[in-house]
Amino acid sequence: MTDDILALAREQVLERGEALGADQVLEVLRLPDDRLEELLALAHDVRMRWCGPEIEVEGIISLKTGGCPEDCHFCSQSGLFSSPVRSAWLDIPSLVEAAKQTAKTGATEFCIVAAVRGPDARLLAQVSAGIEAIRNEVDIQIACSLGMLTQEQVDQLAAMGVHRYNHNLETARSHFPNVVTTHTWEERWETLRMIGKAGMEVCCGGILGMGETLEQRAEFAAELAELDPDEVPLNFLNPRPGTPFGDLEVLPAADALRAVAAFRLALPRTMLRFAGGREITLGDLGAKQGILGGINAIIVGNYLTTLGRPAETDLELLDDLQMPIKALNATL
């Protein structure tokens, strides 16, 4: 057996389709910059072998913005911080219009997001009405991200026909208390378990660059692999003024790309999605490197409280790279 982690990963992950474990992911994260290109090429080969060339495109919209009672230290939507995000609700016609605009980009997934600990009856009624209105006018899969759920709420969302549910673990279990104190990592895990059991697709990822160690980054990748989600959105911290993490430094681009590739090697068959913070962390060139380094899904347009790249820019990049956009019927 070779001592070189990339040679081992090529044989283990690329050839056999067996994921790297936490200790192996840590070795990848410790690789020097002069091996980054080799690492990204291997991650791309793994993605092409086990996932294929298609890219899934998704748009997201905030149904209920701001005023959240939780203290997630990265989030400007918390009502506990002095962040400049005001509480607001989106009406149904605006929700339908956003779904229409998302579908025009070629996206197959439209995610309705709310800044809450978990949904109350009013929010679920709004979501139900929104889903019905969208279905009447737009041919697109509908996902939701509404915080932690009870079993009854899981059953309600499944009955509404929600295709995928997003609930991020955010970071490694060992680092979570440094990121959130108003609820636990285990509470999030329980929601994800119920979602998977109900037959909805599980979307679960997190944010890199929140003060975690490389060991914790590797731990997080292994925990996600244990969960076995259908999709993992990878965000990079975009420090928000007024939040406890507002003064943290942006993750260096090389570290971000190393993490993308490492997560691909830990999750060879999972949809790995570029999400928030990639613009400030990676820029235009980094976006291309990531898509050629293990990424096979992107969010187009803006995020919840931060600006993304224009959808057209991402779509042009995919065209240049000859990466076909996943068709709607391929997600059914």
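All of these numbers come straight from a predicted model, not from anything done at the bench. (Residues numbered from 1 in each chain as written. Predicted model: local features only at pLDDT ≥ 70, side-chain atom pairs only at ≥ 80, totals over all residues. Heavy atoms only, no water.)

### Remarks on the UniProt feature "binding site: [2Fe-2S] cluster" (unreviewed entry) in the protein
Working step 1: Listed under "binding site: [2Fe-2S] cluster" (unreviewed entry) in the UniProt record, and renumbered for this structure, are C111, C203 and R273. Their sequence span is 163 residues, while the largest C-alpha to C-alpha distance among them is just 13.5 Å; these annotated residues converge on one region.
Working step 2: Position of C111 relative to the elements: it lies in strand β3 (residues 109-114).
Working step 3: For C111, a relative accessible area of 5% gives the class buried.
Working step 4: Leaving out residues up to four positions away in the same chain, C111 has contacts with E58, G59, I60, I61, A143, C144 and S145.
Working step 5: Among the structural elements, C203 can be located in strand β6 (residues 201-203).
Working step 6: We classify C203 as buried; its relative accessible area is 5%.
Working step 7: Sequence-distant contacts of C203, defined by excluding residues within four places in its chain, comprise R164, Y165, N166, H167, N168, L192, E231 and P233. (UniProt positions renumbered as here; feature names shortened; annotations may be inferred. Helix = DSSP H or I, 4+ residues; strand = E, 2+ residues; numbered from the N terminus. Buried < 20%, exposed > 50% of the residue type's maximum accessible area, 1.4 Å probe, protein only. Contact = heavy atoms within 4.5 Å.)

### Structural notes on the nonpolar core
Working step 1: Core analysis: the largest hydrophobic core is formed by 93 residues, its most contacted members being I112, V127, I134, L146, L157, F263 and L265.
Working step 2: Looking at this core element by element, the count peaks at 9 residues for helix α9 (residues 253-266).
Working step 3: In this view, I112 contacts I61, L63, L95, I131, I134, I142, A143, C144, S145 and L146; residues no more than four positions away in its chain are not counted.
Working step 4: Counting 6 residues, the second largest nonpolar core, distinct from the first, contains I60, C111, A143 and I299. (Core = buried A, V, L, I, M, F, W, Y, C linked by side-chain atoms within 4.5 Å.)

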